[in-house]
Amino acid sequence: AQSVTQLGSHVSVSEGALVLLRCNYSSSVPPYLFWYVQYPNQGLQLLLKYTSAATLVKGINGFEAEFKKSETSFHLTKPSAHMSDAAEYFCAVSDRKGYQKVTFGIGTKLQVIP
Amino acid sequence: NAGVTQTPKFQVLKTGQSMTLQCAQDMNHEYMSWYRQDPGMGLRLIHYSVGAGITDQGEVPNGYNVSRSTTEDFPLRLLSAAPSQTSVYFCASSTGTGTYGYTFGSGTRLTVV
């Protein structure tokens, strides 16, 4: 069965500092991997996705993530945090078979300190 | 460009009452899903559909029912509400391949008292 583990349910960074949100996955086959962002009282919005093309994936709002098969990781980064990045971030995995059920991590709340 | 529309946005139910959460998408997506979001638990799949007339259970289906009579609509029915069903419910849709990720609705916040 596929799963994702997000390390750290809460992360705080200073404005302008590097953002690093960790995600490790478990899948028996090469997966599709996603990062979503959720702002307060809103639905989830797709930030970026890995679907077996380039291992370094660029998304919206300056975020990027690198697929590392050897480490089974898909960490999300942004060089310089902005106040508007404060939100909850979810890593997700699907197994490419059939319906491709998507399994979500528990989420990481990012706080940006001015 | 409505995307995925969920109604209502908020609802309070008494234990034992039934209700239907509505979900509609205008993107001609084949796949539609219902998730519930609870603190510390991420999103858990309730039911999903791979096309009109085809539905299946997800991770937490008990107490919920779905049908998919059209491509556009995927309502979620609570048969007899319980306090454990207090949650935020999200409907999501995607293309058949799944490679583009989900488009989510804005959610329904349900409280069962």
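Residues numbered from 1 in each chain as written. Chains lettered and ligands numbered in written order. Predicted model: local features only at pLDDT ≥ 70, side-chain atom pairs only at ≥ 80, totals over all residues. Heavy atoms only, no water.

Asker: Explanation requested: the overall build of chain A in the structure shown.
Answerer: What chain A contains, in helices and strands, is 0 helices and 11 strands. Over its C-alpha atoms chain A spans a radius of gyration of 14 Å, differing by no more than 12% from the 13 Å that the globule rule assigns to 114 residues. Considering only C-alpha atoms, chain A reaches an extent of 45 × 30 × 20 Å along its principal axes. When the 114 residues of chain A are sorted by exposure, 45% land in the buried category. (Helix = DSSP H or I, 4+ residues; strand = E, 2+ residues; numbered from the N terminus. Rg over C-alpha atoms; globule rule 2.2 N^0.38 Å. Buried < 20%, exposed > 50% of the residue type's maximum accessible area, 1.4 Å probe, protein only.)

Asker: Teacher, can you tell me more about the state of the cysteines here?
Answerer: When the sulfur atoms of two cysteines share a covalent bond, that bond is a disulfide. Here the structure, examined in full by the defined rule, presents 2 disulfides over all chains. Between the sulfur of C23(A) and that of C91(A) lies a disulfide, 2.0 Å long from S to S. Looking along the S-S bond of the C23(A)-C91(A) disulfide, the torsion reads about -65°, which is the left-handed sense. Within this pair, whereas C23(A) is found in strand β3 (residues 19-26), its partner C91(A) is found in strand β9 (residues 87-94), the two being separated by 68 residues in sequence. Disulfide partner of C23(B): C91(B), at an S-S distance of 1.9 Å. Torsion about the S-S bond of the C23(B) and C91(B) cystine: about -70°, corresponding to left-handed handedness. In this pair, C23(B) sits in strand β3 (residues 19-25) while C91(B) sits in strand β9 (residues 87-94), placing the two residues 68 residues apart along the sequence. Each of the two residues, C23(B) as well as C91(B), counts as buried. (Disulfide = S-S within 2.5 Å.)

Asker: Whenever I open this one, the interface of chain B and chain A confuses me. Can you help?
Answerer: Where interface size is given, it is often the accessible area lost as the parts come together that is meant. Taken residue by residue, the interface counts 24 residues in chain B and 21 residues in chain A. Overall, the association of chain B and chain A removes approximately 1,700 Å² of surface from exposure, summing both partners, and the carbon and sulfur fraction of that is 57%. Here chain B and chain A share 0 salt bridges between them. Across the chain B-chain A interface, the total number found is 3 residue pairs in polar contact (both at pLDDT 80 or more). Listed by contribution, the elements that provide at least two residues to the side of chain B that touches chain A are β4 (31-38) and β5 (42-51) of chain B. If one sorts the elements of the side of chain B that touches chain A by residue count, β5(B) sits on top with 5 residues. For the side of chain B that touches chain A, the residue count by class is 11 nonpolar, 12 polar and 1 charged. (Contact = heavy atoms within 4.5 Å. Buried area = accessible area lost by both parts, 1.4 Å probe. Salt bridge = Lys/Arg side-chain N within 4 Å of Asp/Glu carboxyl O. Polar contact = N/O pair within 3.5 Å; in protein donor to acceptor, adjacent residues only side chain to side chain. Nonpolar A, V, L, I, M, F, W, Y, C, P; charged D, E, K, R; others polar.)

Asker: Sorry, what's going on with the sheet that holds β3(A) here?
Answerer: Hydrogen bonds between backbone atoms are what pair the strands of a sheet, whose relative direction is either parallel or antiparallel. Residues and elements named next belong to chain A. Taken in spatial order, the 5 strands line up as β1-β3-β8-β7-β6 in an open sheet, and their pairing is antiparallel. On the outer flanks of this sheet lie β1 (3-7) and β6 (56-58), each paired with one strand and no other. Averaged over all adjacent pairs, the angle separating strand axes in this sheet is 20°, with direction ignored. (Pairing = 2+ DSSP bridges. Axes fitted to C-alpha atoms, helices over the stretch in contact; angles between N-to-C directions.)

All we've got here are geometric facts, nothing functional implied.
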